[in-house]
Amino acid sequence: MSSQREIRLSGSGGQGLILAGIILAEAALDDGKNACQSQSYGPEARGGASKAEVIISNEEIDYPKVRECDMLLALTQVACDKYIDTLKKDGILIIDNSVQKPKRSDVKVVSVPIINTAAEELHKPMVANIVALGAINRIADIVSDESLAEAVLNRVPRGTEELNKKALERGFQLIEKCKDWWYGRQEKRR
């Protein structure tokens, strides 16, 4: 059984998804796992399509691109529509609550107010990527929370460390509020 996880973070340019992919890969390396990260984005500086892919494994990674993702984050409707067919059966789709749930019954869908939390609660839309990382990690236990927090602090602009720590913690908390989802995760952790 392979321990490899393929993760795609998607949305639009300016949402910090490429940085989020780099942070997630760095946290995996800090945990002693193998990781590779790739990215693509449209020609526009902001607003165009953007995606980051991260593969994390306890074994050697033989191909550096995501083929069928185990987990898909979609912060925009366009990203969800474009990449939903690349999510494998029984995969996890994490969507911002502004995105409509797709017509797939073979995946677990978790709707989280990522963008609203960053903009309205933290008053900085630019930390939506860090809120998303907290939510993703709480859902899937990809890396240790300590390694993720350290990678965030290593990569965010100086002077924004406290804001980003709050954003990561808020991402963790958003999933803890999803009682039915969180209950299943707690049972699994025992």
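Residues numbered from 1 in each chain as written. Predicted model: local features only at pLDDT ≥ 70, side-chain atom pairs only at ≥ 80, totals over all residues. Heavy atoms only, no water.

### Focus: the overall build of the chain
Turning to step 1, where the next piece is worked out: Within the chain, the regular secondary structure consists of seven helices and six strands.
Turning to step 2, where the next piece is worked out: Each helix and strand of the chain, placed in order from N terminus to C terminus, yields the pattern β-α-β-β-β-α-β-β-α-α-α-α-α.
Turning to step 3, where the next piece is worked out: Expressed as a percentage of the 190 residues in the chain, the buried residues total 51%.
Turning to step 4, where the next piece is worked out: Across the chain, every contact between residues at least 6 apart in sequence was considered, and the portion connecting residues at least 24 apart equals 56%.
Turning to step 5, where the next piece is worked out: Working note: accessible area of the chain is about 9,700 Å², and carbon and sulfur atoms make up 49% of it. (Helix = DSSP H or I, 4+ residues; strand = E, 2+ residues; numbered from the N terminus. Buried < 20%, exposed > 50% of the residue type's maximum accessible area, 1.4 Å probe, protein only. Contact = heavy atoms within 4.5 Å. Areas by Shrake-Rupley, 256 points an atom, 1.4 Å probe, with all protein chains shown as cover.)

### Points about the packing of helix α1 (residues 17-30) against helix α5 (residues 145-155)
Turning to step 1, where the next piece is worked out: At their nearest, the axes of α1 and α5 sit 8 Å apart, and the two run at 130 degrees to each other. Here α1 is positioned oblique relative to α5, judged by the angle of their axes. Classified by chirality, the crossing of α5 by α1 is right-handed. Contacts between α1 and α5 involve Leu19, Ile22, Ile23, Glu26, Ala27 and Asp30 on the former and, on the latter, Ser147, Leu148, Glu150, Ala151, Val152, Asn154 and Arg155. (Axes fitted to C-alpha atoms, helices over the stretch in contact; angles between N-to-C directions. Parallel < 35°, antiparallel > 145°, perpendicular 65-115°, else oblique. Left-handed = near helix turned anticlockwise from the far one by under 90°.)

### Quick look at the side chain of glutamate 53
Turning to step 1, where the next piece is worked out: Secondary-structure assignment places glutamate 53 in strand β3 (residues 49-57).
Turning to step 2, where the next piece is worked out: Residue classification places glutamate 53 among the buried positions, given a relative accessible area of 5%.
Turning to step 3, where the next piece is worked out: Here the side chain of glutamate 53 touches valine 66 through a polar contact of 3.3 Å, landing on its backbone nitrogen.
Turning to step 4, where the next piece is worked out: What glutamate 53 contacts, discounting residues up to four positions off in sequence, is Ile7, Arg8, Cys36, Gln37, Ser38, Lys65 and Val66. (Polar contact = N/O pair within 3.5 Å; in protein donor to acceptor, adjacent residues only side chain to side chain.)

### Details of the pattern of salt bridges
Turning to step 1, where the next piece is worked out: Under the criterion given, the structure shown has 10 salt bridges.
Turning to step 2, where the next piece is worked out: Between arginine 170 and glutamate 121 there is a salt bridge; the shortest N-O distance is 2.5 Å. Pair noted here: arginine 170 is in helix α6 (residues 161-176) and glutamate 121 is in helix α3 (residues 114-121), with a separation of 49 residues, a long-range link.
Turning to step 3, where the next piece is worked out: The class of glutamate 121 is partly exposed, set by a relative accessible area of 42%.
Turning to step 4, where the next piece is worked out: Through salt bridges that share partners, Arg8, Lys51 and Glu53 make up one connected network. (Salt bridge = Lys/Arg side-chain N within 4 Å of Asp/Glu carboxyl O.)

### With respect to the packing of aromatic side chains
Within a pair of aromatic rings, the relevant descriptors are the distance that separates the centres and the angle that separates the planes.
Turning to step 1, where the next piece is worked out: All told, the structure shown has zero aromatic pairs when counted by the stated rule.
Turning to step 2, where the next piece is worked out: Positioned above the aromatic ring of phenylalanine 172 is the side chain of arginine 138, whose terminal nitrogen or guanidinium carbon lies 4.2 Å from the ring centre. (Phe/Tyr/Trp six-rings, centres within 6.5 Å; stacked < 30°, edge-to-face > 60°. Lys NZ or Arg CZ within 6 Å of the ring centre and 35° of its normal.)

### Topic: the nonpolar core
Turning to step 1, where the next piece is worked out: By size, the foremost hydrophobic cluster in this structure holds 44 residues, and its most contacted members are Met71, Leu73, Ile94, Ile114 and Ile142.
Turning to step 2, where the next piece is worked out: With nine residues, the top contributor of residues to this core is helix α4 (residues 128-140).
Turning to step 3, where the next piece is worked out: The residues touching isoleucine 114, leaving out its near neighbours within four places in the chain, are Leu73, Leu75, Ile94, Asp96, Ala128, Val131 and Ala132.
Turning to step 4, where the next piece is worked out: Counting 16 residues, the second-largest nonpolar core is a separate cluster that includes Ala74, Ala79, Tyr83 and Leu93. (Core = buried A, V, L, I, M, F, W, Y, C linked by side-chain atoms within 4.5 Å.)

### Description of the environment of arginine 8
Turning to step 1, where the next piece is worked out: Mapping arginine 8 onto the fold places it in strand β1 (residues 5-12).
Turning to step 2, where the next piece is worked out: With relative accessibility at 4%, the residue arginine 8 sits in the buried group.
Turning to step 3, where the next piece is worked out: In contact with arginine 8, not counting residues within four places along its chain, are Lys51, Ala52, Glu53, Val66, Cys69, Met71, Leu72, Leu73, Tyr83 and Thr86.

### Topic: α4
Turning to step 1, where the next piece is worked out: With 13 residues, α4 ought to run about 18 Å at 1.5 Å a step, and its terminal C-alpha atoms sit 18 Å apart, in line with that.
Turning to step 2, where the next piece is worked out: The element α4 is extensively covered by neighbouring structure, given that 13 of its 13 residues are classed as buried.
Turning to step 3, where the next piece is worked out: Aspartate 141, located one to two residues past α4, shows a positive phi value of around 50 degrees. (Expected span 1.5 Å × (residues − 1).)

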